[in-house]
Amino acid sequence: MLRDRPYLLLVATNYCYAMSAMALNIAVPVYIIEFLGLPGWVAGAVFTINTVMIGLGQGWWSTRCTALFAPTSWCWASLSTASYAVLLSADWVNVGVGVAVVLVGIAIYTGGEMVFSPVITALSTDAAPDHLRGRYVSLYQMSWTAFP
């Protein structure tokens, strides 16, 4: 299993994604309130936008995902990365515009999350050989919990 380089790349990719997902819960609220100086309700709005978009959109997207869409989904997942540039730009504007920039940035982040999460999970099971699927998927799942 540890010699399967494509699968290890998939696990490493998910590790980076998992770190990003944890940033949304831990670092982004602190960044919004402490660094940007935006009102506290903005952090709550960020979680509301994320929850509503995932709740309403991810199921719809998951039913349309197939192996044919996997490469496209990986490209769209880069939206999550691009959203950090949008969030960083909120520091360059006044508070009113900063609120709008943060909310748009989180909507972009969540769009990438909706596209990427179902695809990478499906790929982790599909890429594993049948007789070693349990071992492979356990390695994949460790990428969600093995933080430095």
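Look up: the structure comes first, before these words.
Residues numbered from 1 in each chain as written. Predicted model: local features only at pLDDT ≥ 70, side-chain atom pairs only at ≥ 80, totals over all residues. Heavy atoms only, no water.

Enquirer: Is there a simple way to explain the overall build of the protein chain in this structure?
Expert: When its secondary structure is counted, the protein chain shows six helices and zero strands. For the protein chain, the succession of helices and strands along the chain, N to C, is α-α-α-α-α-α. In the protein chain, which comprises 148 residues, the share counted as buried stands at 39%. In the structure as shown, the protein chain presents an accessible area of about 8300 Å², 72% of it carried by carbon and sulfur atoms. (Helix = DSSP H or I, 4+ residues; strand = E, 2+ residues; numbered from the N terminus. Buried < 20%, exposed > 50% of the residue type's maximum accessible area, 1.4 Å probe, protein only. Areas by Shrake-Rupley, 256 points an atom, 1.4 Å probe, with all protein chains shown as cover.)

Enquirer: I'm lost on the packing of aromatic side chains in this one. Help?
Expert: Applying the stated criterion to the full structure yields four aromatic pairs. Judged by centre distance (4.7 Å) and plane angle (70 degrees), the ring pair of Tyr-7 and Tyr-136 falls under edge-to-face. One end of the pair, Tyr-7, is in helix α1 (residues 5–35); the other, Tyr-136, is in helix α6 (residues 133–145), and 129 residues separate them in sequence. Note on Tyr-7: relative accessible area 2%, which makes it buried. Given the relative accessible area of 5%, Tyr-136 is considered buried. Judged by centre distance (5.7 Å) and plane angle (85 degrees), the rings of Tyr-17 and Trp-144 are edge-to-face. You can see Tyr-17 sitting in helix α1 and its partner Trp-144 sitting in helix α6, a full 127 residues away along the chain. For Tyr-17, a relative accessible area of 7% translates into the label buried. (Phe/Tyr/Trp six-rings, centres within 6.5 Å; stacked < 30°, edge-to-face > 60°.)

Enquirer: Looking at this model, I keep getting lost on a nonpolar patch on the surface. Mind explaining?
Expert: There is a patch of nonpolar side chains on the surface, built from Trp-92, Val-93 and Val-97 and spanning about 330 Å² of accessible area. Tracing the chain through its elements places Trp-92 in the loop between α4 (78–89) and α5 (95–126). (Patch = residues over 30% accessible without salt bridge, like charges linked within 9 Å, V, L, I, M, F, W, Y side chains within 5 Å. Salt bridge = Lys/Arg side-chain N within 4 Å of Asp/Glu carboxyl O.)

Enquirer: Can you help me understand the environment of Leu-103 in this one?
Expert: Within the secondary structure, Leu-103 sits in helix α5. When its relative accessible area of 21% is taken as the criterion, Leu-103 is described as partly exposed. In this structure, the C-alpha to C-alpha distance between Leu-103 and Val-86, residues 17 residues apart in sequence, is 9.7 Å. With residues near it in sequence (within four places) discarded, Leu-103 still touches Val-42, Ala-45, Val-46 and Ile-49. (Contact = heavy atoms within 4.5 Å.)

Enquirer: Could you clarify how one ought to interpret the side chain of Ser-20 in this entry?
Expert: Assignment of secondary structure puts Ser-20 in helix α1. Ser-20 sits in the buried class, given a relative accessible area of 14%. Those residues in contact with Ser-20 that sit more than four places away from it in its chain are Tyr-84 and Tyr-109.

Enquirer: How do you make sense of the nonpolar core when you look at a structure like this?
Expert: Nonpolar side chains tend to gather and get buried jointly when the protein is soluble and globular. Counting 16 residues, the largest nonpolar core has Ile-32, Leu-38, Val-46 and Val-102 as its most contacted members. Among the elements of the structure, α1, α2 (41–64) and α5 are those that each provide at least two residues to this core. Residues within four places of Ile-32 in sequence aside, it is in contact with Gly-37, Leu-38, Val-42, Ala-43, Val-46 and Val-102. Within the second largest apolar cluster, ten residues are counted, among which are Tyr-7, Leu-10, Ala-128 and Tyr-140. (Core = buried A, V, L, I, M, F, W, Y, C linked by side-chain atoms within 4.5 Å.)

Enquirer: Explanation requested: the packing of α4 against α5 in the structure shown.
Expert: The geometry of a pair of packed helices is captured by two quantities: the angle between their axes and the separation between those axes. Running from N to C, α4 and α5 point in directions that differ by 170 degrees, and their axes come no closer than 7 Å. As far as their axial angle goes, α5 and α4 are roughly antiparallel. Contacts from Leu-79, Ser-80, Ser-83, Tyr-84, Val-86, Leu-87 and Ser-89 of α4 reach α5 at Val-101, Val-102, Gly-105, Ile-106, Ile-108, Tyr-109, Gly-111, Gly-112 and Glu-113. Considered class by class, the residues forming the contact of α4 with α5 number nine nonpolar, six polar and one charged. (Axes fitted to C-alpha atoms, helices over the stretch in contact; angles between N-to-C directions. Parallel < 35°, antiparallel > 145°, perpendicular 65-115°, else oblique. Nonpolar A, V, L, I, M, F, W, Y, C, P; charged D, E, K, R; others polar.)

Interpretation in functional terms is not warranted from these geometric data alone.
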